[in-house]
Amino acid sequence: MNNSAKVNLIDSLLLVSRYDDKEKQIRFEKIAEIFIWIALVFSVIVAKSPFGESLDNLVSYLIIIGIGLFALVWFRLIPRKFSGNAKNFVYSVTLNLFIAYLVVNTNGLQSFAVLFFYIDMLRMAMSTPLRYTTVSILFVIGLIFGLAIISGGLVHIELSLAIFHTWGLIITAFFGRFITGESAIAKENENKATLEKEIELSKIKDEFVYIISQKLKKPIQEINKSLEGIISGYSGSLDDESNELLKLTEVNSDRLDSLLNDLLDVSKIEQGSLPIHLTDVSIKPIVGEVISTLLLDANSKRISIINRINEEIAAKADLDRLKEVLVNLIGNAIKYTPEGGKITVEASKESDLVTIRVSDNGIGISEEDQKHLFEKFYRVENESTQFIKGSGLGLFITKQLIEKMGGRINFVSKVGEGTSFYFTLPRYRW
Ligand code: ADP
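Residues numbered from 1 in each chain as written. Predicted model: local features only at pLDDT ≥ 70, side-chain atom pairs only at ≥ 80, totals over all residues.

Engineer: Can you help me understand helix α2 (residues 22–48) in this one?
Structural biologist: The terminal C-alpha atoms of α2, which comprises 27 residues, lie 39 Å apart, in line with the 39 Å expected from a rise of 1.5 Å per residue. Along α2, the positions that sit buried rather than exposed are Gln25, Phe28 and Glu29. If you follow the buried residues of α2, they end up packed against α3 (57–77), α4 (85–105) and α5 (114–127). (Helix = DSSP H or I, 4+ residues; strand = E, 2+ residues; numbered from the N terminus. Expected span 1.5 Å × (residues − 1). Buried ≥ 20, exposed ≤ 12 C-beta atoms within 10 Å, placed from the backbone. Contact = placed C-beta atoms within 7 Å.)

See below:
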């Protein structure tokens, strides 16, 4: 037997119900209940038939009623939430005591009733962790030897029968466990293989998106360049309508370009190949630079942007990635704030961290949408956002970039009042 086969054998014995699988316990309990009710019906038929004439009617009916009451309490009145290994075990002990009673009152260890011990051991072996199965088997073996000793038959015959049943019970439990464990291992392996396949497929998809985005980037840049050339060279000689169309084409082509940039970022993030170069960065001038690139958009909506950052605040960050984060957050604040609104950018320092905050008095985000905000491609869709363009990638990328630089991002928002995004970065001390 080689080493892996050894591991497999032990594994398959241990694997059954290693984790307390409540669902499975409940299913087993339901099956046990069905069998008990069927057994009770049979018992009544046997007691009533000529075959049961030799039985003491009173005792038989008392037992049948007793078991019926037990089944009622056990399966119906104790709520399913108590189902589990412990309840299963107590049930097994009670059941085996009853089987022992049957054995004593029929033909001793030679009685067919011994078969019920086997059935219950098989059930325990297939549904409970090893320690429960072991204790149950020891308990039943104890019962069997007890029965052998107290029975009126020849002791040496009864003891050989007890040894025979002990061995039989061990083999039954072993195979029950082994087969169940093997199928659990097969299922686990199948899940692992499916997961690996999914990871592989997702990798292929990421590579595909990366290659396509990269290939599209060049022609888009060429189109943008030509458009700029046409607008600067010929816009004077074109009528208003053509100029309008050209402007629209330029806006859309810019959008396509930034979407491709976002897709490239996402692919790199997911492939783990996004380079991050941390340097010492003074926050105020960077924020000032980003605000100036967005001023045109803000002015077109008469939105004021206030940079309230103190000169001395500095962080350890990747300069270009930090700019990208700020463009996303301030850009969103502009996009989702109505005309005449106000945006403030602030920063504070604690012992090891710098916190940067971008706040607006815009449309805000509902509690339901807040749960999904950092998900890939998630966009809020309502009346206030229906005409605002976007890909739903900005905040996903922003969060990833901040975390890659060693920070965290969060936000507070109220519909109709505004939103405040804040993120941390490791602090740099001058
Ligand atoms: P998008 O490209 O749609 O702007 P983002 O990932 O940047 O994608 O943002 C996701 C969603 O979060 C947006 O669709 C928007 O509804 C909401 N959102 C982001 N920033 C703000 C903000 N400052 N105010 C209100 N809503 C915002």
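Having seen the structure, we can now continue with the description.
Engineer: Any chance you could explain the site of the ligand here in plain terms?
Structural biologist: Near the ligand, the surroundings consist of 22 residues, among which Tyr336, Val380, Gly390, Gly394 and Leu395 are the closest. Only α10 (319–335) and α12 (394–404) provide two or more residues apiece to the shell around the ligand. Partitioning the shell around the ligand into residue classes produces ten nonpolar, ten polar and two charged. (Near = placed C-beta within 6 Å. Nonpolar A, V, L, I, M, F, W, Y, C, P; charged D, E, K, R; others polar.)

Engineer: Whenever I open this one, the domain arrangement of the protein chain confuses me. Can you help?
Structural biologist: By a widespread convention, an interface's size corresponds to the accessible area lost as its parts come together. Each assigned domain of the protein chain is listed with its residue range as follows: domain 1 (3–195), domain 2 (205–271) and domain 3 (279–428). Computed over C-alpha atoms, the centres of domain 1 and domain 3 are 64 Å apart. (Domains from an automatic or database assignment.)

Engineer: Whenever I open this one, the nonpolar core confuses me. Can you help?
Structural biologist: What tends to happen in soluble globular proteins is that the nonpolar side chains get buried as a cluster. Counting residues in hydrophobic clusters, the biggest one holds 38 residues, and the most contacted among them are Ile283 and Ile330. Of all the elements in the fold, those that place two or more residues in this core are α8 (240–271), α9 (283–300), β3 (314–317), α10, β4 (342–349), β5 (353–360), α12 and β7 (418–426). Examining the composition of this core, we find that seven residues originate from one element, α10, more than from any other. Not counting residues up to four positions away in its chain, the partners in contact with Ile330 are Val290, Ile291, Leu294, Ile305, Ile343, Val345 and Val358. Counting residues in hydrophobic clusters, the runner-up holds 19 residues, among them Tyr91, Leu109, Phe117 and Ala125. (Core = buried A, V, L, I, M, F, W, Y, C linked by C-beta atoms within 7 Å.)

Engineer: I'm lost on unusual backbone geometry in this one. Help?
Structural biologist: One can expect most non-glycine residues to show negative phi and most peptide bonds to be in trans. Its identity as a non-glycine residue notwithstanding, Arg302 has a phi of 50°, on the positive side. Here Arg302 shows up in the loop between α9 and β2 (304–307). Its 10 C-beta neighbours within 10 Å are what place Arg302 among the exposed residues. The backbone of Phe377 sits at a positive phi, close to 65°, despite the residue not being glycine.

Engineer: Looking at this structure, how should I read helix α7 (residues 155–234)?
Structural biologist: Note that an α-helix has 3.6 residues per turn; residues three or four places apart therefore point the same way. Over its 80 residues, α7 runs 115 Å from end to end, which matches the ideal 118 Å to within 8%, given 1.5 Å per residue. Along α7, the positions that sit buried rather than exposed are Glu158, Ala162, His165, Leu169, Ala173, Gly176, Arg177 and Gly181.

Engineer: What exactly am I supposed to notice about the pairing of β5 here?
Structural biologist: Looking down a regular strand, the side chains alternate between one sheet face and the other. Pairing geometry for β4 and β5, over seven bridges, is antiparallel. Directly across from Glu346, in β5, lies its bridge partner Arg357. In sequence, β4 turns back onto β5 through a hairpin of three residues. Judged from the eight bridges that link them, β5 and β7 form a sheet pairing that is antiparallel. Note that in β7 the partner of Asp360 across the bridge is Thr419. (Pairing = 2+ DSSP bridges.)

Engineer: What is the right way to read the pairing of β3 from this model?
Structural biologist: Burial along β3 is one-sided: the face carrying Ala315 and Ala317 is buried and the face carrying Ala314 and Lys316 is not. In terms of strand pairing, strand β1 (residues 279–282) meets β3 through four bridges, oriented antiparallel. Along β3, the bridge assignment pairs Val281 with Ala315.

Engineer: Explanation requested: the packing of α4 against helix α6 (residues 130–150) in the structure shown.
Structural biologist: When two helices pack together, their arrangement is captured by the angle between the axes and the distance separating the axes. α6 packs onto α4 with a crossing angle of 15° between their chain directions and a minimal axis gap of 11 Å. By the angle class used here, α4 and α6 are roughly parallel. The chirality of how α4 crosses α6 is right-handed. Contacts between α4 and α6 involve Asn85, Phe89, Ser92, Val93, Asn96, Ala100, Val103 and Val104 from the first element and Tyr132, Ser136, Phe139, Val140, Leu143 and Leu147 from the second. (Axes fitted to C-alpha atoms, helices over the stretch in contact; angles between N-to-C directions. Parallel < 35°, antiparallel > 145°, perpendicular 65-115°, else oblique. Left-handed = near helix turned anticlockwise from the far one by under 90°.)

Engineer: I tried to follow the packing of α4 against α5 on my own but got confused; where do I start?
Structural biologist: For the pair α4 and α5, interaxial distance at closest approach is 9 Å and the crossing angle is 170°. Looking at the two axes, α4 sits roughly antiparallel to α5. Between α4 and α5, the contacting residues are Asn88, Ser92, Leu95, Asn96, Ile99 and Val103 on the first element and Val114, Phe116, Phe117, Asp120, Met124 and Ser127 on the second. The residue inventory of the contact of α4 with α5, partitioned by class, reads seven nonpolar, four polar and one charged.

Engineer: Looking at this model, I keep getting lost on the environment of Gln370. Mind explaining?
Structural biologist: On the secondary structure map, Gln370 appears in helix α11 (residues 367–370). Remark: the alpha-carbon pair of Gln370 and Leu326, spanning 44 residues in sequence, is separated by 20 Å.

Engineer: Is there a simple way to think about the confidence of the model for the protein chain in this case?
Structural biologist: Regions with low pLDDT carry predicted coordinates that are not meant to be interpreted in detail. Overall, the prediction assigns the protein chain a mean pLDDT of 89, with 94% of residues at 70 or greater. Ranking the elements of the protein chain by mean pLDDT puts helix α1 (residues 3–15) last with 64 and strand β6 (residues 409–414) first with 98. (pLDDT = per-residue confidence, 0-100.)

Engineer: I would appreciate a short explanation of the sheet that holds β4 in the present structure.
Structural biologist: Each strand in a sheet pairs with its neighbour through backbone hydrogen bonds, running either in the same direction (parallel) or in the opposite one (antiparallel). Taking strand neighbours across the sheet as the criterion, the five strands line up as β2-β4-β5-β7-β6 in an open arrangement whose pairing is mixed. The open sheet has two free edges, formed respectively by β2 and β6, since each of these has just one partner strand. Looking at each pair of strands side by side, their axes are set apart by 15° on average, direction ignored. Judged from the four bridges that link them, β2 and β4 form a sheet pairing that is parallel. Bridge pairing links Ile306 to Thr344 in β4. Along the sheet, α9 makes contact with β2, β4 and β5, crossing β2 at roughly 175°.

Engineer: Even after reading the chapter, I still don't get the environment of Lys323, so can you show me in this structure?
Structural biologist: Relative to the helices and strands, Lys323 is located in helix α10. What makes Lys323 partly exposed here is the crowd of 17 C-beta atoms within 10 Å. Put simply, Lys323 and Ser83 are 240 residues apart on the chain and 56 Å apart in space, counted from C-alpha to C-alpha. Not counting chain neighbours up to four residues away, the residues in contact with Lys323 comprise Ile286 and Val290.

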